[in-house]
Amino acid sequence: MAGSFFKGRFLSLFDYKTEKYIVAKNKKVGILYRLIQLSIIGYIIGWVFLSKKGYQETDEAIQSSVITKLKGVSVTNTTESGLLVWGPEDYVIPPQGEAVLFVVTNFLETPNQKLGYCAESLKVLDGHCRDDEDCEDGKMVVAGNGIMSGRCLRKDEKSIGTCEIYGWCPIERKFIPQRPLLTNAGNFTIYIKNFIQFSKFTFSKSNVLETTDGSYLRKCRYDEELNPYCPIFRLGDITRRAGYNFQDLATFGGSIGIMIQWDCDLDKGYSNCHPQYRFTRLDISVSNKTITTGFNFRHTRYFKNAAGESYRSLFKVFGVRFNIMVHGKAGKFSIIPTAVNVASGLALMGAGAFFCDMVLLYLMKKGDSYRERKFEGFRNTEKASEGNSEEARKKENLTN
């Protein structure tokens, strides 16, 4: 007995079990089920496969290299500096060209500074004093320009004075810029050479148009409609596309983001992978009400006179900082994501059928009758056979 029992259990492993379906003649639930099916099919085909390209394997780990080069010349004539000619080696920082660079558009020079003693600026709060006791000898001035000498310099006894300091004198002049000194900086051009690679697909490309015309880069200028594959941009056009006037931005400086987006469908071939450019201002808030807008910093140029004394010129420069950011992804057909998304669609179909079952069995008026036909109850086999024998005996007695 035991052997036959286990044999039967073993053989049952190879039985195929199929579901039992009940056809419910209910148009409302039928229409709901078809709508759910159509919605799921539309989602899978339209959104997953056509829009999101769910049949592709993707690589978002883009490897990128950016090289920049600026061209353009400007002339300034100020009281402190005199007549100056500015080339890329003067107004581009750093000059070798990177993904982040600064272009000088305005400046203030404090020339011929020499180490010595002079009065601290009135705008430095830690340098204010009433008498010499407020200027401790050898103490550094917080956010100031030097070291206190121990003397308080005042015009008269009623006014607030400033501590005498030892530092680079005269101290920096203060001014509010009214206009950019490099007036034609908007016509400067920046050449952005970008190399990208998707290592998963061993795919690489450059944003420079592949052409045999040797004069192409000398005469082309980027235009999103007429010349979208030229990598040379006018600075004025960049700020205009970011929504700002270059002359206004050049007065106090600012920060501009240049986004290069690569979305490459490798199923369509090498020639269909192109860069898309977007430009935005980064140093300003949405409300435009902030004291932190603009961009400036200071740098110096040192020299010695004929007597060997050290001097320097202090420059406070305003300008536009460009941040070049590269993003992208590449996709190519693969059977694995295709199978996963198809299986997900089939699972959603099953979820739709389950939802319609709940509506049919528990929300419809005839739910009880549907449940009786869908779910079958089985009594214990031994009790059922005893009941059948008892009924047979009763029928036999009635017959006799």
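Structure shown above.
A brief report on the enclosed structure follows. Predicted, not measured: the structure shown is a model, and the values here were computed from it.

1. Some details on the nonpolar core
So, point 1. Judged by nonpolar contacts, the single largest core of 45 residues is most densely connected at Tyr-91, Leu-235, Ile-238 and Phe-322.
So, point 2. The set of elements that each furnish at least two residues to this core consists of strand 2 (63-71), strand 6 (100-119), strand 10 (189-198), helix 5 (235-241), helix 6 (246-252), strand 13 (254-265), strand 14 (275-281) and strand 16 (310-333).
So, point 3. Ranked by residues supplied to this core, first place goes to strand 16 with seven residues.
So, point 4. Not counting residues up to four positions away in its chain, the partners in contact with Tyr-91 are Leu-70, Lys-71, Gly-72, Trp-86, Phe-102, Val-103, Val-104, Leu-182 and Phe-188.

2. Notes on the packing of helix 7 (residues 335-363) against helix 8 (residues 367-374)
So, point 1. Contact geometry of helix 7 with helix 8 gives a least axis separation of 6 Å together with a crossing angle of 120 degrees. In terms of orientation, helix 7 lies oblique with respect to helix 8. Across from Asp-357, Leu-360, Leu-361 and Tyr-362 in helix 7, the residues of helix 8 making contact are Gly-367, Tyr-370, Arg-371 and Lys-374.
So, point 2. By residue class, the composition of the contact of helix 7 with helix 8 is four nonpolar, one polar and three charged.

3. Thoughts on a positive patch on the surface
So, point 1. On the surface, a cluster of positive charge is contributed by Lys-69, Lys-71, Arg-218 and Arg-221.
So, point 2. Structurally, Arg-221 can be placed in the loop between helix 4 (216-219) and strand 12 (232-234).
So, point 3. You can call Arg-221 partly exposed: its relative accessible area is 37%.

4. Focus on the packing of helix 2 (residues 27-51) against helix 7
So, point 1. Two elements in contact, helix 2 and helix 7, have axes whose closest approach is 10 Å; the angle formed by their N-to-C orientations is 160 degrees. In terms of their interaxial angle, helix 2 and helix 7 are classed as roughly antiparallel. Remark: the crossing between helix 2 and helix 7 carries right-handed chirality. Taken together, the residues of helix 7 that come into contact with helix 2 (itself represented by Val-29, Leu-32, Tyr-33, Ile-36, Gln-37, Ile-40, Ile-41, Tyr-43, Ile-44, Val-48 and Phe-49) are Thr-338, Asn-341, Val-342, Gly-345, Leu-348, Met-349, Gly-352, Ala-353, Phe-355, Cys-356, Val-359 and Leu-360.
So, point 2. When grouped by side-chain class, the residues that make up the contact of helix 2 with helix 7 number 18 nonpolar, five polar and no charged.

5. Focus on the environment of Phe-318
So, point 1. Within the fold, Phe-318 resides in strand 16.
So, point 2. The buried category is assigned to Phe-318, whose relative accessible area is 4%.
So, point 3. The spacing of Phe-318 and Cys-129 is 189 residues in sequence and 32 Å in space, taken between C-alpha atoms.

6. Some words on the pattern of salt bridges
So, point 1. Summed over the entire model, instances satisfying the criterion amount to 12 salt bridges.
So, point 2. The partner of Lys-53 in a salt bridge is Asp-265, and the shortest N-O contact between them spans 3.1 Å. In this pair, Lys-53 is assigned in the loop between helix 2 and strand 1 (56-59) and Asp-265 in strand 13, connecting sequence segments 212 residues apart.
So, point 3. You can call Asp-265 buried: its relative accessible area is 8%.
So, point 4. With a closest N to O distance of 2.9 Å, Glu-224 and Arg-241 form a salt bridge. Residue Glu-224 is found in the loop between helix 4 and strand 12, and its partner Arg-241 is found in helix 5; the two are separated by 17 residues along the sequence.

7. Focus on the packing of aromatic side chains
So, point 1. Enumeration over the complete set of coordinates arrives at 16 aromatic pairs.
So, point 2. Aromatic side chains Tyr-91 and Phe-188 sit 4.3 Å apart centroid to centroid with 10 degrees between the ring planes, which places their arrangement in the stacked category. Of the two residues, Tyr-91 sits in helix 3 (residues 88-91) while Phe-188 sits in the loop between strand 9 (161-169) and strand 10, which places them 97 residues apart along the sequence.
So, point 3. For Tyr-91, a relative accessible area of 0% gives the class buried.
So, point 4. On the basis of relative accessibility, which here comes to 1%, the residue Phe-188 falls in the buried class.
So, point 5. When the centroid spacing of 4.7 Å and the interplanar angle of 40 degrees are considered together, the rings of Tyr-222 and Phe-233 count as tilted. Residue Tyr-222 is found in the loop between helix 4 and strand 12, and its partner Phe-233 is found in strand 12; the two are separated by 11 residues along the sequence.

8. Some points on the state of the cysteines
So, point 1. Under the defined criterion, the tally for this structure stands at five disulfides.
So, point 2. Paired by a disulfide, Cys-135 and Cys-163 hold their sulfur atoms 2.0 Å apart. Because the sign of the S-S torsion sets the handedness, a value of about -85 degrees for the bond joining Cys-135 and Cys-163 places this disulfide among the left-handed ones. Note that Cys-135 is positioned in the loop between strand 7 (128-129) and strand 8 (146-153) and Cys-163 in strand 9, a separation of 28 residues in sequence.
So, point 3. Residue classification places Cys-163 among the buried positions, given a relative accessible area of 0%.

9. So, unusual backbone geometry
So, point 1. Put simply, Ile-93 and Pro-94 share a cis peptide bond, and its omega is -5 degrees.
So, point 2. Residue position: Pro-94 is located in the loop between strand 5 (92-93) and strand 6.
So, point 3. Between Cys-169 and Pro-170 the backbone carries a cis peptide bond, its omega angle lying at -5 degrees.
So, point 4. Of note in the backbone geometry, Ala-143 takes a positive phi value of approximately 55 degrees without being a glycine.

Conventions adopted
- Residues numbered from 1 in each chain as written.
- Predicted model: local features only at pLDDT ≥ 70, side-chain atom pairs only at ≥ 80, totals over all residues.
- Heavy atoms only, no water.
- Core = buried A, V, L, I, M, F, W, Y, C linked by side-chain atoms within 4.5 Å.
- Buried < 20%, exposed > 50% of the residue type's maximum accessible area, 1.4 Å probe, protein only.
- Helix = DSSP H or I, 4+ residues; strand = E, 2+ residues; numbered from the N terminus.
- Contact = heavy atoms within 4.5 Å.
- Axes fitted to C-alpha atoms, helices over the stretch in contact; angles between N-to-C directions.
- Parallel < 35°, antiparallel > 145°, perpendicular 65-115°, else oblique.
- Nonpolar A, V, L, I, M, F, W, Y, C, P; charged D, E, K, R; others polar.
- Patch = residues over 30% accessible without salt bridge, like charges linked within 9 Å, V, L, I, M, F, W, Y side chains within 5 Å.
- Areas by Shrake-Rupley, 256 points an atom, 1.4 Å probe, with all protein chains shown as cover.
- Salt bridge = Lys/Arg side-chain N within 4 Å of Asp/Glu carboxyl O.
- Lys, Arg positive; Asp, Glu negative; His and termini not counted.
- Charge placed at Lys NZ, Arg CZ, Asp CG, Glu CD.
- Left-handed = near helix turned anticlockwise from the far one by under 90°.
- Phe/Tyr/Trp six-rings, centres within 6.5 Å; stacked < 30°, edge-to-face > 60°.
- Disulfide = S-S within 2.5 Å.

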